[in-house]
Amino acid sequence: MLLKELGYAARSLARTPGFALTAIFTIALGVGASTAIFSVVNGVLLRRLPYADPDRLVLAWGDLRNRNVLDFPFPPGDIPDIRAQGTLFEAFAGVVTGAAPLTGDDQTPEQVVTAGVTTNTFSLLGLPIELGRGFTDDDGTPQPQLAQQGGGPPQPGAQQPPRLPGIAVLSHEFWRRRYGGDRSIIGKTIDLGGKTTVVGVLAPGAELLFPPTTNIERRPDIWVALRVRFEGASRINVFLRLIGRLKPGVTVAQAQSQMDGIAADLRKRFPIKETAGLHFRLEPMQKDLVADVRPAILALMGAVIFVLLISCANVANLLLVRAARRERELALRSALGGTRWRLIRQMLSESLVLAAGGGVLGLGLAWLGIRLLASMGPASLPRLDAVTIDPLVLVFSAGASLAAAVIFGVVPALRASRPNAIEALRPTGRASGGRAGRWLRDSVVMVEVALSFVLLIGSGLMFRSFLALVRTDPGYDPSGILTFTVPQGRGGSQQRAAFIQTLHDRLAGLPGVQAVTAATPLPLDGAIVNARWGTDAAVADPTKFQQANLHLVLPGYFETLRTRLLSGRVFTAADNDSSVMSLIVDDRLAAKAFPGRPAVGQRLYVRARGNEPEWYDIIGVVAHQRHVSLTEDGPAAIFLTDGHVGSGAVSRWAVRTAGNPTALAGPVRAAVTALDPLLPVSEVQPMSALVDKAMAPTRFALVLIGIFAAIAGVLAVVGLYGVLSSSVSQRTAEIGVRVALGAPRSSILQLVIGQGLRLSGVGIGLGLVGAFALTRVMNTMLVGVKATDPLTFASMVVIFFGIAWFACWVPARRAAGLDPTVALRED
């Protein structure tokens, strides 16, 4: 029976292909958009992590509460205490990622992504080995006699693994790419700044999943066993990120209580941890991984559900108009004995056929949408490249299509199942159902307008945010700058210093080059180096120490980046020496350290090298650089010269040119190769690309919400136009009488446009209430604008009324042009 009903419904719809195709495409827009976004929700928020028993995995963070620092890495010296006292944990693993030049394998030198991991990392995460073996405890045994190979100067707080020779396991993807899957690689030696033996290859897909702010590389090329003697290691130099596995049955709350006790014990034993206010915090890995992006993804899911509802409302209106036109047919069926349930079943069958067609087309649109999302998604959106149409997404798509059929089909079916047989079968052939159901169609249109207006407000807020982001002064001029990475030169301090100076001079001599500098890190490149600072007050009271970003730079750094000097002077060549105790601070740190006083000429107590702070003279104050993000100011900054810490710490270069910076890529590579053919040049890109990457999350949300708002607005306008066109058609005789009695054309225009604007006004009023309540969930996505920004709300009201007026004007113009004699004959 059901198949028979569906077959009849399909044949009935085929007789009105224009209506059927319009309805199917409208449904497809809603189902396709919602399926595409749900695939992101599924892949990013819902899908289990690719580890063994991931629900028992937690990330451990250090918080320095007295310095307002969160998510601090761990020093190696604290690990034995955490492992010994953490009885509720099966194990802890430490990881850190970085980059190193790969040589010594008879192939072109290459800068590779490395992960320094404790030897239990693979077993803790459940990462299988495809070839060879994983790490053993002996692989992590330090070898002091080799510790100086490939050393380089210390970098306090830098998240970089020790560059020590040791034991390595290759990622499957890197093994296939560089070595073509050669199984004989096992047991061979490569050079990562020290001789390293390859003992294994991981199975495909091995990855490290951490929140983006930690700068842990997701897919390292080479995993190296950390050769650190944790007992007696430094409790100050921090670089490790910790992963813990809870014992079965242990809750995060129970484990957190134990970690609180461990932190309290360390604070009691080590005064520096007490003065910093060290606390440990545990977060479930899956939850923590998406904590920053969850609000944005859920906001997008809410927006796309609005699009689906608007699509359903639009199709419901189409079905109401179709039912009104078929009232004579339905009345005849009722008069011939057709039951109400039979009529409802017939109408719902048509809705199911439309929903099925829209669902299939929507799935195709979703596939295209996922490709688009993958290409434009920001790097801060974890696992976006793994988003796909899996069985759960297919179930959602089918469910959305079925729900749509119910939503847009039930009300028209109920309305059509009660035809006024006497009125509909009159000889005049004039059915009254359309007029009687006008209030219902009007209500649907008002709901469409309200929902689409909420989305329009959301897109307006995101547009304002993006404008604010574009207008933000980052504290430097990224235009015309080419950035790239050159690893630290080999040899001792003097050799590295000579290499850096020679490379600087050769780059400066390239045609078109205006200025050259190097730093660790450069703004927005993702790296973080921490420094502790204080004034005279911190000497007497260590709790007065504060945290800042530390930048190691070459003289000429501020001139190359065009960062404004506010007072004092910039670095000169004479400052690039380990004996010179001078530094530069930004205006944020100057205001904190010396409020109301000039900072130049003052002293600052800073730990930048060694284990203890030293006194430095402040020689200059520069404008604050937005180093971590464009959406917020970020930490204050301290600048020291590369030579002060021993030369060779800088690895990120910036070359300014008057022309296209990408044109310098070839000459830059040639200049480095001419100096040392074993040093690879990597991460070659304009600095503007780093800025674009920083803007990507806001641009991503703007584009998606803008697309959804545009779709919703078009559907709402089409719905409004359809209702008014239907109303004009039903009121043809009335309009004819008005014209015949001398009503001017303007009054007819006013009559129809007024009806449409009244519907729009009610819908906008409802939308304003909804927008005030719902846009607050966008707070974390907005930059420089409040969720209740009056200008955005007012401008969107004006824009929407303008669009609505145009949608009303078209049928109103047709009504005003009616010939009264023709109109009166139609009744």
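Residues numbered from 1 in each chain as written. Predicted model: local features only at pLDDT ≥ 70, side-chain atom pairs only at ≥ 80, totals over all residues. Heavy atoms only, no water.

Asker: Before we move on, can you summarise the overall build of the chain with the specific residues and values?
Answerer: For the chain, the helix and strand inventory stands at 25 helices and 22 strands. With 827 residues in all, the chain has 55% of them scored as buried. Counting only contacts in the chain whose residues sit at least 6 apart along the sequence, the fraction spanning at least 24 positions is 83%. Of the roughly 33,700 Å² of accessible surface on the chain, a fraction of 60% belongs to carbon and sulfur atoms. (Helix = DSSP H or I, 4+ residues; strand = E, 2+ residues; numbered from the N terminus. Buried < 20%, exposed > 50% of the residue type's maximum accessible area, 1.4 Å probe, protein only. Contact = heavy atoms within 4.5 Å. Areas by Shrake-Rupley, 256 points an atom, 1.4 Å probe, with all protein chains shown as cover.)

Asker: So what about the packing of aromatic side chains? Which residues, and what values?
Answerer: Counted according to the given criterion, the structure contains 16 aromatic pairs. Ring geometry for F74 and F280: centres 5.2 Å apart, planes at 40°, overall tilted. Of this pair, F74 sits in the loop between β2 (69-72) and α3 (79-85) while F280 sits in strand β11 (residues 278-284), placing them 206 residues apart in sequence. Accessibility classification places F74 together with F280 in one group, the buried group. An angle of 40° between the planes, with centres 4.5 Å apart, marks the rings of F89 and F92 as tilted. By way of ring pairs, the aromatic residues Y557, F558, F571 and F639 are connected into one cluster. (Phe/Tyr/Trp six-rings, centres within 6.5 Å; stacked < 30°, edge-to-face > 60°.)

Asker: Break down empty space enclosed by the protein for me, with residues and values.
Answerer: Unoccupied space between atoms shows up once a probe the size of one water molecule is rolled over them. In total, this model carries five cavities of 30 Å³ or more according to the counting rule given. Taken as a whole, the largest cavity encloses approximately 300 Å³ of empty space. Lining the largest cavity we find 23 residues, and of these L64, R67, F72, I236 and V238 sit closest to its centre. Secondary-structure elements contributing two or more residues to the lining of the largest cavity are β1 (57-64), α7 (271-276), β11 and β14 (530-534). (1 Å grid on protein atoms, 1.4 Å probe; cavity = no way out; pocket = protein on both sides within 12 Å on 5 of 7 lines; lining within 4 Å. Points joined across faces, edges and corners; volume = space filled by probe spheres on them.)

Asker: Describe in detail the pairing of strand β4 (residues 110-117), supporting the description with residues and values.
Answerer: For a regular strand, the rule is simple: side chains alternate between the two faces of the sheet. Among the eight residues in β4, seven count as buried, and that is most of the element. As judged from the eight bridges shared by strand β3 (residues 89-102) and β4, these two strands associate in the antiparallel manner. Bridging from a neighbouring strand, P101 pairs with Q111 of β4. Here four bridges tie β4 to strand β9 (residues 222-225), and the two strands are oriented parallel to one another. Across the sheet, V117 pairs through a bridge with A225, a residue of β9. (Pairing = 2+ DSSP bridges.)

Asker: So what's going on with the pattern of salt bridges? Which residues, and what values?
Answerer: Summed over the entire model, instances satisfying the criterion amount to 30 salt bridges. One salt bridge connects D789 with R464, and the closest N-O pair in it is separated by 2.5 Å. Of this pair, D789 sits in the loop between α23 (745-774) and α24 (790-816) while R464 sits in helix α15 (residues 438-471); the two residues are 325 residues apart in sequence, bridging distant segments of the chain. Here the salt bridges do not stand alone but share partners, grouping D78, D81, R235, D265, R269 and K273 into one network. (Salt bridge = Lys/Arg side-chain N within 4 Å of Asp/Glu carboxyl O.)

Asker: Give a description of the packing of α23 against α24 that names residues and reports values.
Answerer: The axes of two packed helices give the description: the angle between them and the distance between them. With their axes 8 Å apart at the nearest point, α23 and α24 run at an angle of 150° to one another. By the angle between their axes, α23 is roughly antiparallel relative to α24. Helix-helix and strand crossings are classified by hand; for α23 and α24 the assignment is right-handed. Partitioned by chemical class, the residues of the contact of α23 with α24 number 21 nonpolar, three polar and two charged. (Axes fitted to C-alpha atoms, helices over the stretch in contact; angles between N-to-C directions. Parallel < 35°, antiparallel > 145°, perpendicular 65-115°, else oblique. Left-handed = near helix turned anticlockwise from the far one by under 90°. Nonpolar A, V, L, I, M, F, W, Y, C, P; charged D, E, K, R; others polar.)

That's the geometry; what it means functionally is another story.
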